[in-house]
Amino acid sequence: MIEKNKSVIFDTHSYFNELITAGVPHAQADAHTKSLKDIFQKNLATKSDVHDVRSDLSRDMKELELRMKIFDGSLAILIITTLTLIQKLL
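Residues numbered from 1 in each chain as written. Predicted model: local features only at pLDDT ≥ 70, side-chain atom pairs only at ≥ 80, totals over all residues. Heavy atoms only, no water.

Looking at this structure, I do not really get the overall build of the protein. What am I missing?
A tally of regular secondary structure across the protein gives 3 helices and 2 strands. Taken from N to C terminus, the helices and strands of the protein fall in the order β-β-α-α-α. For the protein, the C-alpha radius of gyration of 29 Å lies well beyond 12 Å, the compact-globule estimate for 90 residues. Overall, the protein is about 95 × 20 × 15 Å in size when its C-alpha atoms are taken along their principal axes. Burial statistics for the protein: of 90 residues in total, 8% are counted as buried. The contacts in the protein between residues at least 6 apart in sequence include a share of 39% that link residues at least 24 apart. (Helix = DSSP H or I, 4+ residues; strand = E, 2+ residues; numbered from the N terminus. Rg over C-alpha atoms; globule rule 2.2 N^0.38 Å. Buried < 20%, exposed > 50% of the residue type's maximum accessible area, 1.4 Å probe, protein only. Contact = heavy atoms within 4.5 Å.)

Got a minute to help me understand the pattern of salt bridges in this structure?
Pairs can form between side chains of opposite charge whenever their charged atoms are close. Under the defined criterion, the tally for this structure stands at 5 salt bridges. Close ionic contact of Lys-69 with Glu-65 constitutes a salt bridge, the shortest N to O distance being 3.5 Å. Of this pair, Lys-69 and Glu-65 both sit in helix α3 (residues 47-89), 4 residues apart, which is roughly one turn of that helix. (Salt bridge = Lys/Arg side-chain N within 4 Å of Asp/Glu carboxyl O.)

Explain the side chain of Thr-33 here, please?
Tracing the sequence through the fold places Thr-33 in helix α2 (residues 26-43). Every residue in contact with Thr-33, bar those within four places of it in the chain, is listed here: Phe-10, Thr-12, Tyr-15, Phe-16 and Leu-19.

Could you clarify how one ought to interpret the packing of helix α1 (residues 12-21) against α2 in this entry?
Angle between the axes and distance between the axes are the two parameters that describe a pair of packed helices. Taken N-terminus to C-terminus, the directions of α1 and α2 make an angle of 145°; their axes are 9 Å apart at the nearest point. Judged by the sense of rotation from one axis to the other, the crossing of α1 with α2 is right-handed. Across the interface between the two elements, Thr-12, Tyr-15, Phe-16, Leu-19 and Ile-20 of α1 pack against His-26, Ala-29, Asp-30, His-32, Thr-33, Leu-36 and Lys-37 of α2. Here the contact of α1 with α2 is composed, by residue class, of 6 nonpolar, 4 polar and 2 charged. (Axes fitted to C-alpha atoms, helices over the stretch in contact; angles between N-to-C directions. Left-handed = near helix turned anticlockwise from the far one by under 90°. Nonpolar A, V, L, I, M, F, W, Y, C, P; charged D, E, K, R; others polar.)

Sorry if this is basic, but what is going on with the environment of Ala-45 here?
As for its placement among the helices and strands, Ala-45 is situated in the loop between α2 and α3. Assessed through its relative accessible area of 47%, Ala-45 is described here as partly exposed. Sequence separation between Ala-45 and Ala-22 is 23 residues; the distance between their C-alpha atoms is 31 Å.

This is how it looks when you write it as C-alpha coordinates:
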(Lines give C-alpha, C1' and ligand atoms only; values in the text may rest on other atoms or scores of the structure.)
Protein backbone atom coordinates (compact mmCIF):
# COMPACT_ATOMS: atom_id res chain seq x y z
CA MET A 1 0.00 0.00 0.00
CA ILE A 2 1.38 3.42 -0.95
CA GLU A 3 0.43 6.22 1.39
CA LYS A 4 0.30 9.66 -0.21
CA ASN A 5 -0.19 12.30 2.39
CA LYS A 6 1.04 15.82 2.95
CA SER A 7 2.86 15.98 -0.39
CA VAL A 8 5.18 13.14 0.59
CA ILE A 9 4.92 9.67 -0.84
CA PHE A 10 5.80 7.05 1.72
CA ASP A 11 5.60 3.50 0.43
CA THR A 12 4.71 1.69 3.64
CA HIS A 13 4.64 -1.68 1.92
CA SER A 14 8.18 -1.37 0.55
CA TYR A 15 9.46 -0.01 3.84
CA PHE A 16 7.82 -2.87 5.74
CA ASN A 17 9.33 -5.42 3.31
CA GLU A 18 12.79 -3.90 3.68
CA LEU A 19 12.56 -4.26 7.44
CA ILE A 20 11.42 -7.89 7.13
CA THR A 21 14.25 -8.62 4.66
CA ALA A 22 16.72 -7.10 7.11
CA GLY A 23 15.53 -9.55 9.76
CA VAL A 24 13.24 -7.35 11.78
CA PRO A 25 10.38 -9.38 13.33
CA HIS A 26 6.97 -8.94 11.65
CA ALA A 27 5.26 -7.24 14.63
CA GLN A 28 8.17 -4.87 15.15
CA ALA A 29 8.36 -4.00 11.44
CA ASP A 30 4.62 -3.33 11.40
CA ALA A 31 4.80 -1.09 14.48
CA HIS A 32 7.80 0.81 13.12
CA THR A 33 6.12 1.34 9.73
CA LYS A 34 2.91 2.63 11.35
CA SER A 35 4.86 4.94 13.66
CA LEU A 36 6.86 6.42 10.81
CA LYS A 37 3.69 6.91 8.75
CA ASP A 38 2.09 8.73 11.70
CA ILE A 39 5.13 10.97 12.05
CA PHE A 40 4.89 11.94 8.38
CA GLN A 41 1.18 12.64 8.66
CA LYS A 42 1.47 14.78 11.79
CA ASN A 43 4.66 16.76 11.18
CA LEU A 44 4.95 17.63 7.52
CA ALA A 45 3.47 20.73 5.95
CA THR A 46 1.27 20.33 2.91
CA LYS A 47 1.54 22.50 -0.18
CA SER A 48 -1.65 24.13 1.04
CA ASP A 49 -0.03 24.90 4.42
CA VAL A 50 2.94 26.52 2.68
CA HIS A 51 0.61 28.49 0.38
CA ASP A 52 -1.39 29.74 3.37
CA VAL A 53 1.78 30.86 5.18
CA ARG A 54 3.02 32.63 2.05
CA SER A 55 -0.32 34.40 1.65
CA ASP A 56 -0.33 35.46 5.29
CA LEU A 57 3.26 36.67 5.06
CA SER A 58 2.55 38.61 1.87
CA ARG A 59 -0.49 40.26 3.47
CA ASP A 60 1.50 41.11 6.61
CA MET A 61 4.33 42.60 4.56
CA LYS A 62 1.89 44.80 2.61
CA GLU A 63 0.33 45.95 5.88
CA LEU A 64 3.76 46.74 7.33
CA GLU A 65 4.73 48.63 4.17
CA LEU A 66 1.58 50.75 4.49
CA ARG A 67 2.29 51.44 8.16
CA MET A 68 5.83 52.50 7.28
CA LYS A 69 4.54 54.90 4.62
CA ILE A 70 2.11 56.41 7.12
CA PHE A 71 4.91 56.73 9.68
CA ASP A 72 7.21 58.34 7.09
CA GLY A 73 4.48 60.84 6.20
CA SER A 74 3.83 61.63 9.83
CA LEU A 75 7.53 62.06 10.49
CA ALA A 76 7.87 64.38 7.49
CA ILE A 77 4.99 66.53 8.78
CA LEU A 78 6.57 66.64 12.25
CA ILE A 79 9.94 67.70 10.83
CA ILE A 80 8.41 70.39 8.65
CA THR A 81 6.32 71.69 11.55
CA THR A 82 9.35 71.72 13.86
CA LEU A 83 11.53 73.53 11.32
CA THR A 84 8.75 76.06 10.70
CA LEU A 85 8.43 76.75 14.43
CA ILE A 86 12.20 77.09 14.84
CA GLN A 87 12.33 79.49 11.87
CA LYS A 88 9.59 81.63 13.40
CA LEU A 89 11.41 81.74 16.73
CA LEU A 90 14.61 82.94 15.12
